[in-house]
Structures are given as C-alpha cells and as structure tokens.
Amino acid sequence: MVGMLSKNGAAALIRRLLPQSDQRAARQTLWIGAITVAQILASIVQVALSARILGPEGLGAVAIIIALTSLLYRFVSLPGNEVITTFVTRSLAEGRIDEATGTLRFTMLVAQGLALVSYALLVAVTLAVSGLLGEAEGYRSALLVYGIGGIAAATVRESLAVLRLADRLQWGFIVALVSSAARTAFLVAAWIAEGGLIMVISAYVVGDVVTGVGMFVAAASAERQAGLPGFLRSLRVKVPGRDVIAFQVGSFWRASVEAVILHIDIILLANVLSLHQVGLYRAAYQIVDATKHPFRSISTGVQAEYSRQWYGGNAVAVRRIARRFTLLSLAVAVAGYGLLVIIHEPVISIMFGPGFEAVAFPLLFLLPGALAFAIIAPVYVLPAATGRALPHLAAYSVALVAMVAAILALAPTYGAEGAAWANSIGWIAFAVAFVPFIIAALRQGHSGRPVET
C-alpha cells in the first residue's frame, strides 16, 4: 500500500494536475490523510470495543480520565511542531543548518521535559480531583496509568514535523498502522478476558508508547532528507532568537487556551451531569471528532508549504493553496456531514451497541460546530505558518468564553444535548473570530506589504 500511494495513483495525478509549488503540499496532505484514515478506522474499532466493555457509565469515566490528563499535558506544553514547521524551515531556507539542528534539539528537549512536569502535576492532583469520578480507588490508578502514555508520546507532533520537512510521511503512516494494531489487539484481549477500566486505559497507553517511540525513530531516520544531518549526534542546542521566543510565548498561551477549550466541556459536565450522561455526550463527540480528522490532516499537510512559500516571498502561491484546499475541505464537509445526518442511527448502533440510542440528538447537535471547523481548517494554520501566534490565542479565547457560557446555561437543563449545542457554539465562535486574521494574512506578503493576486 505504501508503494502504491507513493509511486502510482493519487501521487501521479498530483504531478499531472498541480503546479510544482502545490505538489508537495498535496502529497503531504495525501500522506497525512493516510495516517488519519488508519487512526480513524482504529478509533472506530477501539471506541466500539470500549463501549461494549464498559457501557455508557464506564465510557463517561474514561472520558473524564482522558480529559483531565490531556488538559494537564497540553496546558503545560509548547507546540514545538509549529516551531519546526515555521522557524526550522526558515533556517534551512536561508542555509543556516547549525541553527536549524540546534533549534530542533531544543524543541525536542523542551517537549519531553514539559511532559515529565505534566506527569508530576498529574500525580499531585490525582487525590484532589478524585471526586470527579467518585471514590473508587481504581479511578485514581487509571489516571496515573493513563498519564504514562503522555510521557511516551511527548514528541509525536515534533517528529511528524520533521517527517514533513523530509517529505517522508509514509514512515509515519507505517507507525500509525502498527500502533493502531497494538492498541486494538490489547482491547480485544480485554474484551475476551472481560476486563475493566484499567485494561481499557492500558490499551490506550500501549498505543501511545508505540506511537511515540515509532515516530521518533522515523524522524531520526529521516534527518538527512529533512536537511538536518546529525541532529541526534550532538547535544548542542540553539536557544531561539527573539522572534522565535516571542512566537513561543504566544504559542504557549495559545496551547494552554486550546487545551482548556478541548477538554473543559468534560470537566464541567462531570460536575453537573451523571457519568451516564457524560458517557452519552462523549460517545457522540467521539463520532464527530473522528470526522474532523480529515480536515486536521489538510491543515497539517499545507502548513509546511505555507511557511515554505511565505518565506520564499511567493504570496500568490500561499493564496492559491489556501483557496484550493478550502474549497476541497468545504466540498468534503458538506457531502460527509450530509451523509452522516442520514445514516447516524445505524452508525451509532454499529459503533456502540445497545444502551447508546440516546446518542442520536447530541451527535446531530455537534455537527454545526464540526462544519464550522471543517471550513476554517485549511487556513487557520496560516498565521502560525507565517510566525504569528497571537491570532490563535485570540480566537481560542473567544471560543472558550462562548463554550463555557453555553455549557453552564444549557447542560444542567438539557444534559448531553445541551452540552453538544455548547460545543458547536464554541467552534462557530472560533471560526468567526479567526476570519479577520486570515484575511489580513492573505492580503500581506513576507515583507508585510499588501500583495497583488
């Protein structure tokens, strides 16, 4: 399959139909899409198995464990993948290889170090938050076990950024296949053994470990193709310059706000709804979130090419890529979500089995927000790709305020359905808040002057 994707079919079509400046972005989007498909298919199987092992209440407990742990890890993190995509790319384009490799080492070390800090915080707060899950000792153990996966997967995003620079994302696809198979096999074993919460959580950790180790090895193997020879053979780091530091400060706060908006819904719902209702909401969210993966793959695939063309002074190419991939994303979203509206009931039945019929309305209420995200996905990475972190912080802040206010207003009365509407309101607010920043970025070139189309 890897050979077919890289040498024939879609790859050949890309070479024939697209200009040279767009081919790399399209090829990387293709491979990110392949990784995404592997992850989506595995996620469907994994959620189906988890739901059948644990039921709605157990799925609610898993949702809270994942939300709390992910919140801590992402709150104390820097999006090093964007530093690699934007500033390592810039250093390579300007011929400063030592600066590029030093910045990459610094980014990797910071990511791993912050993951260790996050796990320490998780250990410290586990007893304090046990009330979210009840008093069962198994919940506390599950939190600590799940946190191990965050340490193992600390540099996954950074490793993928290196593979994008090397144009070797097919290696990431292989890792995704292996990790998905490992996690699924562990869940099947838990189902056969009639295991409980700890076995389900352990399966997710196994997948994280395989993903983290595999992606790092793949990135290290692609160092020469990425133009970063010997980045593992030296411990010398390059502390970034002022522009990179300013970007990182903005990115840190952006990542923190993003972490809150991605996980605050579950944390708040755990305080106002039963675990059963949280489980129903999480089940609906799992389906809709899986549908967002193709759009995330589009944004990831084009981000490196945005940076490459921007710092190369080709603003016309940036605008062309943004236009083409936005139209692609819109067409896929309208077709895909229209189909999901029609077939959502059998999808729910197949994925979760009996006991999850009430997922239908929350799922439908999540779709407006998912559509808003799909439309904005190909261009919301544009500010970061051009070295600007504050637009993301501003848009996520607007979305956070809108989502929290809607959760507090709707969830206590309408349960999982109200939570779903609140989530959609948050993502619609995010998309609307981002529009001015995208327009401004598309109207300017690398010099900051307006450009002609």
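Cut-off values and rules
Residues numbered from 1 in each chain as written. Predicted model: local features only at pLDDT ≥ 70, side-chain atom pairs only at ≥ 80, totals over all residues. Heavy atoms only, no water. Helix = DSSP H or I, 4+ residues; strand = E, 2+ residues; numbered from the N terminus. Buried < 20%, exposed > 50% of the residue type's maximum accessible area, 1.4 Å probe, protein only. Contact = heavy atoms within 4.5 Å. Areas by Shrake-Rupley, 256 points an atom, 1.4 Å probe, with all protein chains shown as cover. 1 Å grid on protein atoms, 1.4 Å probe; cavity = no way out; pocket = protein on both sides within 12 Å on 5 of 7 lines; lining within 4 Å. Points joined across faces, edges and corners; volume = space filled by probe spheres on them. Nonpolar A, V, L, I, M, F, W, Y, C, P; charged D, E, K, R; others polar. Expected span 1.5 Å × (residues − 1). Bend = angle between axes of the 7 residues up to and from the residue. Patch = residues over 30% accessible without salt bridge, like charges linked within 9 Å, V, L, I, M, F, W, Y side chains within 5 Å. Salt bridge = Lys/Arg side-chain N within 4 Å of Asp/Glu carboxyl O. Polar contact = N/O pair within 3.5 Å; in protein donor to acceptor, adjacent residues only side chain to side chain. Axes fitted to C-alpha atoms, helices over the stretch in contact; angles between N-to-C directions. Parallel < 35°, antiparallel > 145°, perpendicular 65-115°, else oblique. Left-handed = near helix turned anticlockwise from the far one by under 90°.

**Q** Teacher, can you tell me more about the overall build of the chain here?
**A** What the chain contains, in helices and strands, is 15 helices and zero strands. In the chain, which comprises 453 residues, the share counted as buried stands at 57%. For the chain, restricting intrachain contacts to residue pairs at least 6 apart in sequence, the fraction spanning at least 24 positions comes to 83%. Looking at the chain as shown, the accessible area adds up to about 18,200 Å², and 67% of this sits on carbon and sulfur atoms.

**Q** It is not clear to me how the environment of Leu109 should be interpreted in this structure. Could you clarify?
**A** Summarising the element assignment, Leu109 is placed in helix H5 (residues 97-125). The class for Leu109 is exposed, based on a relative accessible area of 55%. Distance from Leu109 to Gly80, taken between C-alpha atoms, is 9.9 Å for residues 29 residues apart in sequence.

**Q** Which parts of the structure should I look at to understand empty space enclosed by the protein?
**A** Gaps left between atoms are located by rolling a probe of water-molecule size over the structure's atoms. Tallied over the entire structure, the rule returns two cavities of 30 Å³ or more. Approximately 40 Å³ is the volume attributed to the second largest cavity. Lining the second largest cavity are Tyr285, Val288, Asp289, Lys292, Leu366, Gly369, Ala370, Asn423 and Trp427. When the residues that make up the lining of the second largest cavity are grouped by side-chain class, the tally is five nonpolar, two polar and two charged.

**Q** I would appreciate a short explanation of helix H15 (residues 390-443) in the present structure.
**A** Along an α-helix, residues three or four apart share an orientation, since each turn contains 3.6 residues. If you check H15, its first and last C-alpha atoms are just 18 Å apart, much less than what 54 residues at 1.5 Å a residue would give, namely 80 Å. In H15, a bend of some 155° at Tyr414 exceeds every other bend along the element.

**Q** Quick question: what am I supposed to make of a nonpolar patch on the surface here?
**A** Together, Leu330, Val334, Leu371 and Ile375 line one region of the surface with nonpolar side chains, adding up to about 290 Å² of accessible area. Every element with two or more residues in the nonpolar patch is listed here: helix H12 (315-352) and helix H13 (360-376). Along the chain, Leu371 falls in helix H13. Given a relative accessible area of 32%, Leu371 falls into the partly exposed group.

**Q** Just checking my understanding: could you explain the side chain of Asp265 for this structure?
**A** Relative to the helices and strands, Asp265 is located in helix H10 (residues 242-272). In this structure the side chain of Asp265 is engaged in a polar contact, spanning 2.6 Å, whose partner is the side chain of Tyr281. If near-sequence neighbours (up to four positions away) are discounted, Asp265 is found in contact with Tyr281, Met403, Ile407 and Asn423.

**Q** How should I be thinking about the packing of helix H11 (residues 275-311) against H12 in this particular structure?
**A** Two measures define how a pair of helices packs: the angle their axes make with one another and the distance between the axes. Where H11 meets H12, the axes come as close as 9 Å, and the angle between the chain directions of the two elements is 165°. Between H11 and H12, the interaxial angle falls into the category roughly antiparallel. Considering the relative orientation of H11 and H12, their crossing is right-handed. Of the residues in the contact of H11 with H12, the class split is 21 nonpolar, three polar and two charged.

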